[in-house]
Amino acid sequence: MKKNHILTAALAAAFLYQAPAFAADAPAPMKLAAAMSSSPQQETLTPLEHLTLGTVLLLEKERDAFEMQQVFRMALYFRPLRRVYDPNPALIRKGESPNVEKTYVDRIKKVLGPDMLKRIEQTKLTRADMLNYLERHHTLYNVDWKKDPTFALLEYAVNDFHEQIAPPNTIDPKHKPDFYIAQSIKDISGKNAGDGKKLFEGICASCHGMDGQGRFPPIVMKSYLSLHSDHEHFEIVKGGPPQKLGSPVVMPTFDNKLNEDQIWSIVQYLRTWEQNWADPKNVRRGEAEAKAAKVKFYSTPEIRKIWEAKKSDVVLLDLQSDIAYRIMGHIPGTMHIRPDDLDKKLGKISKDKEIIVIDMFGSQGLAPATELAKKGYKVGYMSDGMMDWHISRDFPVEY
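Description of the structure in this document. (Residues numbered from 1 in each chain as written. Predicted model: local features only at pLDDT ≥ 70, side-chain atom pairs only at ≥ 80, totals over all residues. Heavy atoms only, no water.)

## Things to note about the pairing of strand 2 (residues 314-318)
Thinking step 1. Counting buried residues in strand 2 gives five out of five residues, a clear majority hidden from the surface.
Thinking step 2. Alternating positions in strand 2 separate into two faces, Val314, Leu316 and Asp318 on one and Val315 and Leu317 on the other, with burial throughout.
Thinking step 3. Of the strand pairs in this sheet, strand 2 and strand 4 (residues 354-358) are connected by five bridges, and their pairing is parallel. Within strand 4, the position partnered with Leu316 by the bridge is Ile356.
Thinking step 4. Where strand 2 lies against strand 3 (residues 335-336), two bridges are found, and the strand directions are parallel. Directly across from Leu317, in strand 3, lies its bridge partner Met335. (Buried < 20%, exposed > 50% of the residue type's maximum accessible area, 1.4 Å probe, protein only. Helix = DSSP H or I, 4+ residues; strand = E, 2+ residues; numbered from the N terminus. Pairing = 2+ DSSP bridges.)

Written out as C-alpha cells, the structure reads:
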C-alpha cells in the first residue's frame, strides 16, 4: 500500500481552480461514465474509467515515462473530473458547465500525447482491473469505492499524481509543532449542528482567519473549494500536508487531538462556504478596499486581449510565488516579483504605466494591488487569477 501524501501548503494552493462562470440555469455536469455504466460489476470500463486507470497504472509501473510538467498538469486536469463524480450532496453545482468532463478528458489526452494514449488504449483493461486497483487503495480518504467506484478511481488518481509532487524530505508529523486547544473547544463533540463552525473558529482561525481567507491558501475561496474534495480536506486536517524541512510555516497535525467526528464537522463547515459564494452580494476579503482605492478589475478574457495587444504602457505584474511562477506556469512576457520583494523592486516600474496585478487565486494579490494604488500607481487586477487563465480557460502559459 502506498503511503498517502497530501500536497505541500504551497503546492496545494497551486492546484486550485476557479470554476468558470456559466449561465445560472446551466445543467449539472454530465456524468458520461455514470451514463455508460449502470453496474460496477460490468466488465467493460467506460472511456473515462479506462483512460484514468490506464494512466495511473502507467504512472505506477513506468514513472520515468512522465516528465514533471506532465505530472503537474495531470494532477490539475484530473481534479475537475473528480468533482463531476463526487457524491457529496453539499456541493454547489449551480452554473457549472455541462461539458466539464469532455473539456478535461481532452486536455489529459493532449498532455499524454499520441504514443502514451495508444499504449493505454491497447491495454484492454477490465472492470476487474479497476476493482483490483481500488481495493489496493481503499484506506485512502475513507472513500466508499464499492458504492462510488468512478469517484474513488478519480480520487485515487489525483492522489497518485500528487505523490510524485510531494517533497522527498518532509517533516515527520511527530516533529511538527504542538498546538494548544482549550478544553472548552475539545469538549465540542462535532456531532451537533454548528459544531464545525465552533471548532474552526476555536482552532483553525488562528492561522486561517475567522473568515478562512487568512494565511495562504485561502481555504474557503470558491477557487479552492471547487477542486478539493471533503475526503482530501479530512486528511489535511488529520495529518497536515507534507512540508519540507525548514519551511517557515508548518501546519500542525490534529490526528491525536481531534476525533473523526470533530474533523468531519470542520470539513463540512468549510463546504458551507460554497453557498456563501453562490450569493453575488458576498465578496472576497480586500475586494471592497481595492475598489475604493480605484483598482480596476479585469476579467481573464480582458487580460488576454491586453496581453495580445502588447501595450507598451501596461505592465502585467505576476505576484505568484517562485514555485508557482516557474512550475505551474505564467502568462508569457509577464514581470515576476515575489510578493515579499515587491517593496524592494517597485522602483523598476514607472508610474506612467498601468500595473495589472496577477496572482494565483484571484485573492491574495488584492492587498498589494490596493497598496500600489494608494502609492499613486495606476493599478488593475486580474479578477480570477492564474488558475482561471491556465486551468479553466487553457490560455497560453510559459514555465
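## What to know about the packing of aromatic side chains
Thinking step 1. Within the structure shown, the criterion is met by ten aromatic pairs.
Thinking step 2. With a centroid separation of 6.2 Å and 45 degrees between ring planes, the pair formed by Tyr77 and Tyr104 is classed as tilted. You can see Tyr77 sitting in helix 4 (residues 68-85) and its partner Tyr104 sitting in helix 5 (residues 100-121), a full 27 residues away along the chain. Taken as a pair, Tyr77 and Tyr104 share a single burial class, namely buried.
Thinking step 3. By the ring-pair criterion, three or more aromatic residues cluster together here, those being Phe66, Phe78 and Phe161.
Thinking step 4. For Lys291, the ring lying beneath its charged end belongs to Phe297, and the centroid distance is 5.1 Å.
Thinking step 5. Here the basic side chain of Lys351 rests over the ring of Tyr377, its NZ or CZ set 5.1 Å away from the ring centre. (Phe/Tyr/Trp six-rings, centres within 6.5 Å; stacked < 30°, edge-to-face > 60°. Lys NZ or Arg CZ within 6 Å of the ring centre and 35° of its normal.)

## Observations regarding the nonpolar core
Thinking step 1. Core analysis: the largest hydrophobic core is formed by 62 residues, its most contacted members being Leu53, Leu112, Phe161 and Trp389.
Thinking step 2. By residue number, the principal contributor to this core is helix 4, which donates ten residues.
Thinking step 3. Ignoring anything within four residues of it in the chain, the contact list for Trp389 reads Thr300, Ile303, Arg304, Trp307, Ile331, Met382, Asp394, Phe395, Pro396 and Val397. (Core = buried A, V, L, I, M, F, W, Y, C linked by side-chain atoms within 4.5 Å. Contact = heavy atoms within 4.5 Å.)

## Focus: the environment of Gln364
Thinking step 1. Among the secondary structure elements, Gln364 is positioned in the loop between strand 4 and helix 18 (366-374).
Thinking step 2. In this structure Gln364 comes out as partly exposed when scored by relative accessible area, which is 30%.
Thinking step 3. Taking C-alpha positions, Gln364 is 9.4 Å from Arg215, a pair spaced 149 residues apart along the chain.
Thinking step 4. A polar atom in the side chain of Gln364 sits 3.4 Å from the backbone nitrogen of Phe361.
Thinking step 5. Looking at Gln364, its side chain comes within polar contact range of the side chain of Ser363, at 3.5 Å. (Polar contact = N/O pair within 3.5 Å; in protein donor to acceptor, adjacent residues only side chain to side chain.)

## Topic: the pairing of strand 5 (residues 378-382)
Remark: a regular strand shows side chains that alternate across the two faces of the sheet.
Thinking step 1. Taken across its five residues, strand 5 has four buried, putting it largely inside the fold.
Thinking step 2. As defined by bridge partners, strand 1 (residues 296-298) adjoins strand 5 across three bridges and the pair is classed as parallel. Residue pairing for strand 5: Tyr298 is matched across the bridge by Met382.
Thinking step 3. Sheet analysis places strand 4 next to strand 5, joined by four bridges and oriented parallel. From the neighbouring strand, Ile355 faces strand 5, where its bridge partner is Val379.

## Overview of the pattern of salt bridges
Oppositely charged side chains can form a pair if their charged atoms are brought close together.
Thinking step 1. This model, assessed by the stated rule, comprises 23 salt bridges.
Thinking step 2. Among the ionic pairs, Lys197 bridges to Glu201, the shortest N-O distance being 2.7 Å. Remark: Glu201 and Lys197 occur in helix 9 (residues 195-208); sequence separation between them is four residues, near one turn of the helix.
Thinking step 3. Residue class for Lys197 comes out partly exposed when judged on its relative accessible area of 40%.
Thinking step 4. We note a salt bridge from Arg338 to Asp341, for which the minimum N-O separation is 3.5 Å.
Thinking step 5. We classify Arg338 as partly exposed; its relative accessible area is 35%. (Salt bridge = Lys/Arg side-chain N within 4 Å of Asp/Glu carboxyl O.)

## Re the state of the cysteines
Thinking step 1. This structure, assessed with the given rule, holds zero disulfides.
Thinking step 2. Unpaired in terms of disulfides, Cys207 finds its nearest cysteine sulfur in Cys204, a separation of 8.9 Å.
Thinking step 3. When its relative accessible area of 30% is taken as the criterion, Cys207 is described as partly exposed. (Disulfide = S-S within 2.5 Å.)

## Regarding helix 4
Thinking step 1. For helix 4, built from 18 residues, the straight-helix expectation of 26 Å at 1.5 Å per residue is met to within 8% by its first-to-last C-alpha distance of 27 Å.
Thinking step 2. Counted residue by residue, helix 4 has 15 buried out of 18 residues, so it is predominantly covered. (Expected span 1.5 Å × (residues − 1).)

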